[in-house]
2 protein chains.
Amino acid sequence: MDLQNYLESMGTKAKNASRILSFEKSENKNLALKKMSQALIENKDILITENKKDIDKAKLDGMKESLIDRLLLTEKRIVDMADSLIQIASLKDPIGEITSMWKNSDDLTIGKKRVPLGVIAIIYESRPNVTVDAAGLCIKSGNSVILKGGKEAINSNLAIAKVLNQAINDILPKGTINYVNSTEREAVNILLKLNKYIDVVIPRGGASLINFVVNNSTVPVIETGVGNCHVYVDEYANLSMAEDIIINAKTQRPGVCNAIETILIHEKIAKKILPSLSKKLIDKNVEIRGCNKTQVIIPCTLACEEDYKNEFLDLILAVKIVDSLDHALNHIYKYSTKHSEAIITENYSNSQRFLNEVDAAAVYVNASTRFTDGFAFGFGGEIGISTQKLHARGPMGLNELTSSKYVIYGNGQIRK
Amino acid sequence: MDLQNYLESMGTKAKNASRILSFEKSENKNLALKKMSQALIENKDILITENKKDIDKAKLDGMKESLIDRLLLTEKRIVDMADSLIQIASLKDPIGEITSMWKNSDDLTIGKKRVPLGVIAIIYESRPNVTVDAAGLCIKSGNSVILKGGKEAINSNLAIAKVLNQAINDILPKGTINYVNSTEREAVNILLKLNKYIDVVIPRGGASLINFVVNNSTVPVIETGVGNCHVYVDEYANLSMAEDIIINAKTQRPGVCNAIETILIHEKIAKKILPSLSKKLIDKNVEIRGCNKTQVIIPCTLACEEDYKNEFLDLILAVKIVDSLDHALNHIYKYSTKHSEAIITENYSNSQRFLNEVDAAAVYVNASTRFTDGFAFGFGGEIGISTQKLHARGPMGLNELTSSKYVIYGNGQIRK
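Residues numbered from 1 in each chain as written. Chains lettered and ligands numbered in written order. Predicted model: local features only at pLDDT ≥ 70, side-chain atom pairs only at ≥ 80, totals over all residues. Heavy atoms only, no water.

**Q** Where do I start with the overall build of chain A in this structure?
**A** Helices and strands together make up the secondary structure of chain A, namely 15 helices and 16 strands. The globule rule puts the C-alpha radius of gyration for 416 residues at 22 Å, and the 24 Å found for chain A is close to it. Counting only C-alpha atoms, chain A reaches 70 × 70 × 35 Å along its principal axes. For chain A, the computed accessible surface area is about 16400 Å², with 50% contributed by carbon and sulfur atoms. (Helix = DSSP H or I, 4+ residues; strand = E, 2+ residues; numbered from the N terminus. Rg over C-alpha atoms; globule rule 2.2 N^0.38 Å. Areas by Shrake-Rupley, 256 points an atom, 1.4 Å probe, with all protein chains shown as cover.)

**Q** What is the right way to look at the pairing of strand β8 (residues 260-266) of chain A in this model?
**A** All names here are of chain A. In terms of burial, β8 is largely enclosed, as seven of its seven residues are buried. In terms of strand pairing, strand β7 (residues 229-233) meets β8 through five bridges, oriented parallel. Across the sheet, residue C229 finds its bridge partner in β8, namely I260. Considered for its hand, the β-α-β crossover made up of β7, helix α10 (residues 239-251) and β8 is right-handed. For β8 and strand β11 (residues 316-322), the ladder comprises five bridges, and the chain directions are parallel. (Buried < 20%, exposed > 50% of the residue type's maximum accessible area, 1.4 Å probe, protein only. Pairing = 2+ DSSP bridges. Right-handed = clockwise from strand over helix to strand, strands pointing away.)

**Q** So what exactly am I meant to see when it comes to the interface of chain B and chain A here?
**A** Size of an interface: often given as the accessible area lost when the parts come together. With 74 residues of chain B at the interface, the matching set in chain A holds 74 residues. Across the chain B to chain A interface the summed buried area is about 6200 Å²; carbon plus sulfur atoms make up 53%. Summed over the three residues of chain B that lose the most area to chain A, namely L390(B), Y406(B) and R415(B), the buried surface amounts to 14% of that side. For the interface between chain B and chain A, the tally reads three salt bridges. Note that K112(B) and E400(A) form a salt bridge whose closest N and O atoms lie 4.0 Å from each other. Across the contact surface, chain B and chain A share 47 residue pairs in polar contact (both at pLDDT 80 or more). The element contributing the most residues to the side of chain B that touches chain A is strand β16 (residues 402-413) of chain B, with 11 residues. Class assignment for the residues of the side of chain B that touches chain A results in 36 nonpolar, 22 polar and 16 charged. Pairing geometry for strand β13 (residues 362-367) of chain A and β16(B), over five bridges, is parallel. Each residue of the ladder has a partner; that of A362(A), found in β16(B), is Y406(B). (Contact = heavy atoms within 4.5 Å. Buried area = accessible area lost by both parts, 1.4 Å probe. Salt bridge = Lys/Arg side-chain N within 4 Å of Asp/Glu carboxyl O. Polar contact = N/O pair within 3.5 Å; in protein donor to acceptor, adjacent residues only side chain to side chain. Nonpolar A, V, L, I, M, F, W, Y, C, P; charged D, E, K, R; others polar.)

**Q** Please clarify how the environment of V365(A) should be interpreted in this entry.
**A** Along the polypeptide, V365(A) turns up in strand β13. By relative accessible area, V365(A) is classed as buried at 8%. With 14 residues separating them in the primary sequence, V365(A) and S351(A) have C-alpha atoms 6.4 Å apart. When residues no more than four places from it in sequence are discounted, the contact partners of V365(A) are I343(A), S351(A), L355(A), I408(B), Y409(B) and G410(B).

**Q** Sorry, what's going on with the pairing of strand β9 (residues 287-290) of chain B here?
**A** In the case of a regular strand, side chains alternate between the two sheet surfaces. Residues and elements named next belong to chain B. Sheet analysis places β9 next to strand β11 (residues 316-322), joined by four bridges and oriented parallel. Pairing of E287 across the sheet is with I316, part of β11. The sheet contact formed by β9 and strand β10 (residues 301-302) spans two bridges and is parallel. Counted as the bridge partner of R289 is T301 from β10. After leaving β9, the chain enters helix α12 (residues 292-297) and then returns to the sheet as β10, a path that is right-handed.

**Q** Before we go on, may I ask you to explain the sheet that holds strand β12 (residues 340-344) of chain A in this structure?
**A** Working definition: the strands of a sheet are paired by backbone hydrogen bonds and lie parallel or antiparallel to each other. Across the sheet, which stays open at both edges, the 10 strands sit in the order β10(A)-β9(A)-β11(A)-β8(A)-β7(A)-β12(A)-β13(A)-β16(B)-β2(B)-β1(B) with mixed pairing between neighbours. Whereas interior strands pair on both sides, the edge strands pair on one side only; in this sheet they are β10 (301-302) of chain A together with β1 (98-103) of chain B.

**Q** Please explain the packing of helix α14 (residues 325-335) of chain A against helix α1 (residues 3-21) of chain B as it appears in this structure.
**A** Any two packed helices are characterised by the angle at which their axes cross and by the distance between the axes. One can describe the packing of α14(A) onto α1(B) by two numbers: an axis separation of 13 Å at closest approach and a directional angle of 135 degrees. Taken together, α14(A) and α1(B) sit at an angle that is classed as oblique. The way α14(A) lies across α1(B) gives a crossing that is right-handed. Contacts between α14(A) and α1(B) involve L329(A), N330(A) and Y333(A) on the former and, on the latter, K15(B), N16(B) and R19(B). Here the contact of α14(A) with α1(B) is composed, by residue class, of two nonpolar, two polar and two charged. (Axes fitted to C-alpha atoms, helices over the stretch in contact; angles between N-to-C directions. Parallel < 35°, antiparallel > 145°, perpendicular 65-115°, else oblique. Left-handed = near helix turned anticlockwise from the far one by under 90°.)

**Q** Can you walk me through the relation of the copies chain B and chain A in this structure?
**A** Copies of the same chain, two in number, are related to each other by a rotation about an axis and a translation along it. Relative to chain A, chain B is turned by 180 degrees and slid 0.0 Å along the rotation axis, the superposed coordinates differing by an RMSD of 0.0 Å. As the rotation angle and translation indicate, the two copies are arranged about a two-fold axis. Considering only C-alpha atoms, the residue of chain B closest to the rotation axis is H391(B), which sits at 1.8 Å. (Least-squares fit on C-alpha atoms with pLDDT ≥ 70 in both.)

**Q** Can you walk me through the pattern of salt bridges in this structure?
**A** Note that side chains of opposite charge can pair when their charged atoms are close. Counting across every chain of the model gives 47 salt bridges over all chains. D359(A) serves as the salt-bridge partner of K389(A), at 2.9 Å between the closest nitrogen and oxygen. With a gap of 30 residues between them, K389(A) in the loop between β14 (384-386) and β15 (394-396) and D359(A) in the loop between α15 (348-357) and β13 connect regions that are remote in the sequence. Between E50(B) and K53(B) there is a salt bridge whose closest N-O contact spans 3.1 Å. You can see E50(B) and its partner K53(B) sitting in helix α3 (residues 44-60), three residues apart, about one turn around the helix. Here the salt bridges do not stand alone but share partners, grouping K338(A), D359(A), K389(A) and R393(A) into one network.

**Q** Any chance you could explain the sheet that holds β9(B) here in plain terms?
**A** Strands sit in the order β1(A)-β2(A)-β16(A)-β13(B)-β12(B)-β7(B)-β8(B)-β11(B)-β9(B)-β10(B) across an open sheet of 10 strands; the sheet is mixed. Looking at strand neighbours, the two that pair on one side only are β1 (98-103) of chain A together with β10 of chain B, the edges of this open sheet. The sheet contact formed by β1(A) and strand β2 (residues 109-116) of chain A spans five bridges and is antiparallel. The residue of β2(A) that forms the bridge with I98(A) is K113(A). Those strands touched by helix α10 (residues 239-251) of chain B are β16 (402-413) of chain A together with β7 (229-233), β8 (260-266), β11, β12 (340-344) and β13 (362-367) of chain B, and its axis lies near 160 degrees from that of β8(B). Strands β2 and β16 of chain A together with β7, β12 and β13 of chain B of the sheet are contacted by helix α15 (residues 348-357) of chain B, whose axis makes an angle of about 145 degrees with β16(A).

**Q** What's the story with the packing of aromatic side chains in this structure? I'm lost.
**A** Geometrically, a pair of aromatic rings is defined through the distance of the ring centres and the angle of the planes. In the structure shown here, the tally under the stated rule is 12 aromatic pairs over all chains. Taking the centre distance of 5.0 Å and the plane angle of 85 degrees together, the rings of F377(A) and Y406(B) count as edge-to-face. Of this pair, F377(A) sits in the loop between β13 and β14 while Y406(B) sits in strand β16, which puts the two residues in different chains. Members of the aromatic cluster, each reached through a chain of ring pairs, are W102(A), Y406(A), F377(B) and F379(B). Taking the ring centre of Y333(B) as reference, the NZ or CZ of R19(A) above it sits at 4.1 Å. Note that R185(B) overlies the ring of F212(B), its terminal NZ or CZ placed 4.3 Å from the centroid. (Phe/Tyr/Trp six-rings, centres within 6.5 Å; stacked < 30°, edge-to-face > 60°. Lys NZ or Arg CZ within 6 Å of the ring centre and 35° of its normal.)

**Q** Can you walk me through the confidence of the model for chain A in this structure?
**A** Low pLDDT marks regions whose predicted coordinates should not be analysed in detail. A residue-level look at chain A finds 100% of positions with pLDDT of 70 or above and a mean pLDDT of 96. For this predicted complex, the interface confidence reaches an ipTM of 0.94, while the overall pTM sits at 0.93. (pLDDT = per-residue confidence, 0-100.)

**Q** What am I meant to see in the side chain of S340(A) here?
**A** All names here are of chain A. If you trace the backbone, S340 turns up in strand β12. Among the polar contacts made by the side chain of S340, one reaches the side chain of H339 at a distance of 2.8 Å. Here the side chain of S340 touches T372 through a polar contact of 2.7 Å, side chain to side chain. Among residues more than four places away in sequence, those in contact with S340 are C229, H230, N258, A362, Y364, T369 and T372.

**Q** Quick question: what am I supposed to make of unusual backbone geometry here?
**A** A positive phi angle, close to 70 degrees, is found at D107(A), a residue other than glycine. Backbone geometry places N285(B), a non-glycine residue, at a positive phi of 65 degrees. Note on placement: N285(B) falls in the loop between α11 (267-283) and β9.

**Q** When you look at helix α14 (residues 325-335) of chain B in this model, what are you seeing that I'm missing?
**A** Buried within α14(B) are the following residues: L325(B), A328(B), L329(B), H331(B), I332(B) and Y335(B). The buried side chains of α14(B) occupy one side of the element, clustering within an arc of 160 degrees when seen end-on. (Arc of directions from axis to C-beta.)

**Q** How should helix α5 (residues 75-89) of chain A be read in this particular structure?
**A** Because each turn of an α-helix spans 3.6 residues, side chains separated by three or four positions end up pointing in the same direction. Residue and element names in this part refer to chain A. With 15 residues, α5 should cover 21 Å at 1.5 Å per step; its first-to-last C-alpha distance of 22 Å lies within 8% of that length. Looking only at α5, the buried set comprises I78, M81, A82, S84, L85, I88 and A89. Along α5, the residues classed as buried sweep out an arc of 150 degrees about the axis, all on the same side. Elements that come into contact with the buried residues of α5 comprise α2 (26-42), α3 (44-60), α6 (129-140) and α7 (154-168). (Expected span 1.5 Å × (residues − 1).)

See the structure below:
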């Protein structure tokens with residue numbers, strides 16, 4: 001069977017499964033999640049063996065150590081994946097909730113009811129745990145899922161998908177969890193045109209994957225991830241709080257999208273905070289690239305336009321001294337990818353202006369941008385962080401994997 | 001200036017305007033809407049003169065009478081457009097509403113706040129009132145708008161856009177209302193690739209326009225409109241109610257998307273309802289195309305596969321006799337465009353199954369499908385009816401033209 005037929009047939013199966021899943025009982029969905037969790041533990045040796053094939057190939061190919069680490073499955077990581085499914089089972093079922101209900105002027109009772117999206121495709125890079133999390137969140141929210149992971153993790157992902165499918169075989173319809181068994185780029189091209197079967201595609205990965213999906217998909221896309229995030233240290237900031245937040249937001253996990261890339265410092269407090277802050281950053285191995293005003297205060301390399309524009313995703317921090325809140329707001333407007341932005345201030349009016357005027361998925365006063373994720377927000381899980389404005393913005397939990405339908409109760413009404 | 005530069009420059013202006021509009025006071029937005037309303041009345045002679053150019057050309061080109069009527073501006077219609085802006089001004093401003101707020105386990109207070117989408121592009125066919133309604137709803141919801149109407153209405157639409165822009169010139173930022181002054185198809189192609197500036201595109205028109213937009217846009221799309229809608233007359237229906245609803249849903253305005261195209265009748269009551277119903281339909285000039293079981297009961301032409309599959313948008317009705325609720329559900333699952341579906345029944349369990357299992361934007365018990373629109377639902381306005389599941393489903397009012405951002409109040413929290 002060629003790739004087109006293979007994927008269309010997968011789309012058909014997923015669509016058919018989604019019809020049944022849409023009114024599946026919570027009890028069955030939770031049972032399936034528990035069986036999946038159990039099956040991961042029971043099959044851990046198989047999973048580790050299959051994962052070793054991917055790890056060996058990655059080493060041969062000279063993959064970076066940090067990427068190999070992301071790819072690696074250990075017994076501990078398999079237990080964590082299994083636990084995450086139990087955690088998802090314990091969440092409230094979003095489906096069936098009536099989010100609002102009213103009578104219209106014709107005496108019709110109109111309710112807005114939460115329903116699944118249908119078929120969700122997720123295209124991601126190398127971390128095998130995404131396979132488990134995505135399948136779990138989609139099942140809980142009554143959706144079927146088509147998964148396409150990176151070619152580096154093909155053996156691990158196929159093994160995981162097989163184990164999960166065996167676990168739910170007697171409980172949920174066939175076609176609930178689908179893994180694309182192909183390492184060809186063409187498979188992604190074909191998937192992106194299957195809008196007849198797929199209701200939404202969520203790309204998870206770097207900017208190039210996301211742009212490729214946006215530019216080629218006829219399936220509606222939810223963009224995730226790219227975060228060029230800022231902390232603005234206001235004239236009225238608590239400086240020790242500012243230092244703690246900047247160090248946390250830059251160094252706690254520099255490779256993730258909610259880490260910061262640039263700090264903006266009000267000129268009136270720059271001399272007070274920069275020497276001590278830069279010492280602490282250097283202690284954490286952070287390279288500082290500053291504007292020319294920064295260079296007057298601390299030794300650092302000169303930041304260029306590109307430094308303000310792109311994510312470093314590394315232990316590098318750009319610094320710019322600004323002369324006002326407006327200057328900071330304009331810099332953020334120009335360079336932000338609208339992911340997470342923070343102000344550190346004790347001034348009430350400045351905090352309110354920042355909250356109102358900054359256009360981003362998450363806008364913070366006096367807290368680290370690192371909190372932008374579904375677990376920290378209390379959603380109990382996360383399928384990604386949307387950086388677009390349509391449908392979902394910010395961390396996406398179970399509710400963001402749902403749509404709605406209007407249910408209307410009449411007693412013979414006709415339109416005049 | 002070539003078309004690409006012209007539209008990019010329009011996109012830039014609209015984007016810049018949207019930044020200011022996003023925190024514009026309600027008072028100013030409402031003042032602008034009232035001035036726009038007033039300006040339409042004051043300039044009605046100019047609008048009628050410009051509209052006459054489009055009407056004359058349409059007649060020369062041999063346009064269908066019903067389409068010429070949709071294009072026509074009369075004094076009465078201009079007053080109606082002006083009134084609709086006053087109506088929009090009177091609606092509650094959706095922007096700034098905190099739809100939920102909670103504390104997370106780190107003691108952060110997290111609020112979900114309603115914000116504008118940004119820049120909305122609307123691509124539509126010939127009705128000039130869309131220009132006014134769309135501009136009004138976008139302004140009220142804090143969005144800037146790029147409008148591209150059909151070439152048949154170019155003179156009318158340019159005149160309306162000019163009048164509206166003059167009216168808001170001193171109140172809202174330049175670039176709030178943008179009308180694409182081009183009748184080239186290429187303009188649509190270019191617009192659909194401007195995802196750098198445009199946050200969402202809404203096509204309003206026939207299936208071919210919508211498919212073109214879905215297949216060619218890198219801007220997120222909200223699909224509207226196509227409605228292959230059904231009424232299922234259950235074994236336990238009140239037959240006189242069923243007749244009234246079917247006649248209303250088919251004949252009150254046959255050319256619109258929430259009119260019905262097919263009725264499904266349970267075999268146990270087919271002989272009771274069909275003779276009387278078909279007489280009433282024929283009196284209303286409706287042509288009936290029935291299945292072979294229908295033909296045994298009433299004289300009619302035989303319905304083919306295409307009759308069940310497509311919208312007639314005309315005084316034609318397909319009839320199918322089914323042997324069970326499941327049969328009806330399967331027919332609807334196969335042919336429905338998931339717009340509006342109705343069951344007529346007095347049986348509680350059947351009504352619940354229909355509401356739960358039919359996947360459509362609006363699912364009715366004992367009422368006409370003609371109620372699926374923003375005015376009938378009580379939204380006070382409508383930008384279209386979404387038939388997709390992402391972002392908005394069903395009638396789209398002001399809330400559906402908004403996104404959200406999380407505002408987070410901390411006191412120094414960092415991520416552990």
